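# Inside the fold
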Amino acid sequence: MLHVGLCIAALFVVSITHWVYRWRNPKCNGKLPPGSMGLPLLGETLDFFTPNQTNDTPFIKNRIKRYGPIFRTSLVGLQVIVSTDSELSYMVFQQEGQSFESWYPPSFRRIFGNQNISSLHGSLHKYLKNMVLSVVGPESLKKMFSEVESVATRNLEVWASQETVELKTSIGNMVFEFMGKKLISYDPEKSSENLRDNFEAFIRGLISFPLEIPGTAYYKCLQGRKKMIMKLKNMLEERRAKPNKVKNDFFDYVLEELKQNDTMLTEATALDLMFALLFANFETTSQAITVAIKFLTHNPRALKELTEEHQKILRKRENPKAGLTWEEYKSMRFTFQVINETLRLASIVPVLFRKAKKDIKFKEYTIPSGWAVMVCPPAVHLDPVNYKDPLDFNPWRWEDMDLKSASKTFMAFGGGQRFCVGADFAKLQIAIFLHCLVTKYQWQPIKGGDIVRTPGLQFPNGFHVRIFEKET
Ligand code: HEM
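These numbers come from a predicted model, not from an experiment.

## Focus on the site of the ligand
With respect to spatial proximity, 25 residues lie near the ligand, and among them Y104, H125, N281, R354 and C420 are the closest. With respect to the ligand, the side chain of H125 contributes an N or O atom lying 2.6 Å from an oxygen atom. R418 places a polar side-chain atom, nitrogen or oxygen, 3.1 Å from an oxygen atom of the ligand. For the shell around the ligand, the secondary-structure elements that each account for two or more residues are α6 (122-136), α12 (267-297), β5 (352-356) and α17 (423-440). Top element by residues in the shell around the ligand is α12. It accounts for six residues. When grouped by side-chain class, the residues that make up the shell around the ligand number 15 nonpolar, seven polar and three charged.

## A short note on the pairing of strand β8 (residues 372-375)
Neither face of β8 is left uncovered, since the one carrying A372 and M374 and the one carrying V373 and V375 both have all their residues buried. Both strand β2 (residues 78-83) and β8 contribute to a ladder of four bridges, which runs parallel. Each bridged residue has a counterpart across the sheet, and for S83 the counterpart in β8 is V375. With four bridges joining them, β5 and β8 adopt antiparallel strand pairing. Bridge pairing in β8 places L352 opposite V375.

## Notes on the coordination of the iron atom of the ligand
A lone protein donor binds the iron atom of the ligand: C420 (SG), at 2.3 Å. Position of C420 among the secondary structure elements: in the loop between α16 (377-381) and α17.

## Examining the packing of aromatic side chains
Taken as a whole and assessed by the stated rule, the structure comprises 24 aromatic pairs. Here the aromatic cluster, defined as three or more aromatic residues joined through ring pairs, consists of W103, Y104, F108 and F353. Above the plane of the ring of W396 lies R301, whose end atom (NZ or CZ) is 3.8 Å from the centre.

## Looking at the environment of F112
Looking at where F112 falls in the secondary structure, it is placed in helix α5 (residues 106-112). A residue is classified by how much of its surface remains accessible, and F112, at 12% relative accessible area, is buried. Between the alpha carbons of F112 and D272 there is a distance of 6.5 Å; along the sequence they are 160 residues apart.

## Some points on the sheet that holds strand β1 (residues 70-75)
Through backbone hydrogen bonds, the strands of a sheet pair up, either in parallel or in antiparallel fashion. Strand order across the open sheet formed by five strands is β1-β2-β8-β5-β3, with mixed pairing between neighbours. The two strands at the open ends of the sheet, each matched to only one other strand, are β1 and β3 (100-102). Direction aside, the axes of adjacent strands within the sheet are offset by 35 degrees on average. Along the sheet face, helix α3 (residues 58-67) touches β1, β2 and β8 and points at about 130 degrees away from the line of β1. Strand contacts of helix α4 (residues 86-94): β1, β2, β3, β5 and β8, with the helix running at about 120 degrees to β8, the strand carrying the most contacts.

## A few points about the pattern of salt bridges
Charged atoms that come close allow side chains of opposite charge to pair. Taken as a whole and assessed by the stated rule, the structure comprises 23 salt bridges. Salt-bridge contacts for R397 lead to E341; the nearest nitrogen and oxygen are separated by 3.1 Å. Taken together, the residues span a long stretch of sequence, with R397 in the loop between α16 and α17 and E341 in helix α15 (residues 333-346) at a distance of 56 residues. R397 sits in the buried class, given a relative accessible area of 14%. A single network of salt bridges, built from pairs that share partners, joins K233, E237, R240 and E267.

## A closer look at the side chain of T342
Along the chain, T342 falls in helix α15. According to the relative accessible area criterion, T342 is buried, its value standing at 2%.

## Describing a nonpolar patch on the surface
There is a patch of nonpolar side chains on the surface, built from F12, V13 and I16 and spanning about 300 Å² of accessible area. Looking at where I16 falls in the secondary structure, it is placed in helix α1 (residues 2-24).

## So, unusual backbone geometry
For the bond running from T454 to P455, omega is -5 degrees, close enough to zero to count as cis. Tracing the backbone shows P455 in the loop between β10 (452-453) and β11 (457-458). Within the chain, S347 stands out as a residue other than glycine whose phi angle is a positive 35 degrees. Structurally, S347 can be placed in the loop between α15 and β5. Judged by its relative accessible area of 2%, S347 is buried. Backbone geometry at K363 places phi at a positive 50 degrees, although glycine is not the residue there. Mapping K363 onto the fold places it in the loop between β6 (360-362) and β7 (365-367).

## A word on the sheet that holds strand β9 (residues 441-448)
The three strands are arranged β4-β12-β9 in an open sheet whose pairing can be described as antiparallel. Here the strands that pair on one side only, and so sit at the sheet edges, are β4 (165-166) and β9. The strands touched by α17 within the sheet are β9 and β12 (463-469), with β9 carrying the most contacts at an inclination of about 100 degrees.

## Concerning the environment of G30
Inspection of the secondary structure puts G30 in the loop between α1 and α2 (45-49). Residue class for G30 comes out partly exposed when judged on its relative accessible area of 40%. Here the alpha-carbon distance between G30 and I367, two residues 337 residues apart in the chain, equals 8.4 Å.

## With respect to the packing of helix α7 (residues 138-160) against helix α8 (residues 167-184)
Two elements in contact, α7 and α8, have axes separated by 11 Å at closest approach and are oriented at 145 degrees. Crossing handedness for the pair α7 and α8: right-handed. Where α7 abuts α8, its residues M144, E147, V148, V151, A152, R154, N155 and W159 lie against S170, I171, M174, E177, F178 and K182. Here the contact of α7 with α8 is composed, by residue class, of eight nonpolar, two polar and four charged.

## Quick word on the packing of α7 against α17
It is the contact of α7 with α17, at a shortest axis distance of 9 Å, that shows an interaxial angle of 40 degrees. If you check the angle between α7 and α17, you find them oblique. Note that α7 runs across α17; the crossing there is right-handed. Touching L141, M144, F145, V148, E149, A152, T153, L156, E157 and W159 of α7 are D424, F425, L428, Q429, I432, F433, H435, C436, L437 and K440, all from α17. Considering only residue class, the contact of α7 with α17 consists of 13 nonpolar, three polar and four charged.

Cut-offs applied
- Residues numbered from 1 in each chain as written.
- Predicted model: local features only at pLDDT ≥ 70, side-chain atom pairs only at ≥ 80, totals over all residues.
- Heavy atoms only, no water.
- Near = heavy atom within 4 Å.
- Polar contact = N/O pair within 3.5 Å; in protein donor to acceptor, adjacent residues only side chain to side chain.
- Helix = DSSP H or I, 4+ residues; strand = E, 2+ residues; numbered from the N terminus.
- Nonpolar A, V, L, I, M, F, W, Y, C, P; charged D, E, K, R; others polar.
- Buried < 20%, exposed > 50% of the residue type's maximum accessible area, 1.4 Å probe, protein only.
- Pairing = 2+ DSSP bridges.
- Donors = N, O, S within 2.8 Å, 3.2 Å for Na, K, Ca; no water.
- Phe/Tyr/Trp six-rings, centres within 6.5 Å; stacked < 30°, edge-to-face > 60°.
- Lys NZ or Arg CZ within 6 Å of the ring centre and 35° of its normal.
- Axes fitted to C-alpha atoms, helices over the stretch in contact; angles between N-to-C directions.
- Contact = heavy atoms within 4.5 Å.
- Salt bridge = Lys/Arg side-chain N within 4 Å of Asp/Glu carboxyl O.
- Patch = residues over 30% accessible without salt bridge, like charges linked within 9 Å, V, L, I, M, F, W, Y side chains within 5 Å.
- Areas by Shrake-Rupley, 256 points an atom, 1.4 Å probe, with all protein chains shown as cover.
- Left-handed = near helix turned anticlockwise from the far one by under 90°.
- Parallel < 35°, antiparallel > 145°, perpendicular 65-115°, else oblique.

Rendered as structure tokens:
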């Protein structure tokens, strides 16, 4: 009996040892990039999510030092190849649908839904992209131009009448209100609940340890999604029962599309898309504007040159009270340099995921089929080989550089087929807001403004400023 017990115990120890060995040394038909798979199951997850206050995340920086720009790790139970190499990252984007495909961990998919645009491929992905372009494509941008300006003007007037304003929240409300109006004719003043509250913990929860326990950011995120999808579903039902006479928002467009016999759209896909768009604009654009103001606060020379560019636009106008024109917008060269530099340094989207569809050889390494690939734009943006003194905010570095939105060394909006479909809309909102701000107002930081990364960018204590009108 004792022998049997000893045999079982020995077998157990051997199996566990073998399993741990396999965990640490995954199979690969070639040379796996160097790195550590960390502790069994947990991998290096805790280290990855440790908050830090620097722009260049220590998790990534330390591993680049140890292993080089391409390494392996394990995060939330996944086998991951991390790419901080600009060539490999660019190749991953360009090979979308061939060697790699857009793929996000199950914890992301639970938040964004199984039908979210990033998880769909082929013709359905193309179809959804075109739907989004109907809202934020070049033609729509020209039409919504003056609306963006009047929303910014109105909000700044209110903030200037207040003692202090917390920028991240206030800018978030402004951006959410605008997108909510476009998509679902949402008016926070007429609505019984604030829909934006459902996105409260999103940036914290989305890139956090996916523990579904009350109190965690991930749990709050899931609750926010549930409430938001329910609300969108009810609103869609109400609109179906009582259609608008004149079609004027995305809901109308979706309902028309759902009526077509040959449509690829389903209600679930439409709801996931609306949810993603409300989030995409609200979180990213408001972060970008807030960080831009923070960088400008600490860079008086950049603020001066930006202000001069916008004052020049006003001086050139026949009617100084007329709104911005498309030509004026396109002429804002230094403003676009400020935007690129802000997005480079802040890297608002810190990681992008893909899956290897087959074994892929890159340099001396093999990325095994089925592994996740995590592209890290901040590592590319903060590599001194790509940008001199990369931690400095220096909009002038873009003077002789191409300001196009994607390249091997600039991937704030991703690249390839999955390049951010809202990039031009985001830039337009940032540029118009900066125009309204610097031509009429000054600001003084009061408290907060500290940035923490988990690795998503956050302002844990907000960014409180006093805004006041310039003396003329
Ligand atoms: C500063 C603001 C923004 C930043 C930094 C940003 C960043 C990104 C990045 C990096 C991606 C690529 C994701 C990937 O490759 O997996 C992406 C995709 C996307 N973005 Fe943005 N974004 C911004 C604003 C917006 C806005 C305003 C919208 C909506 C109107 C939007 C809608 C989308 C959509 C729908 C996708 C998915 C594209 C696809 O899978 O084909 N984004 N964004």
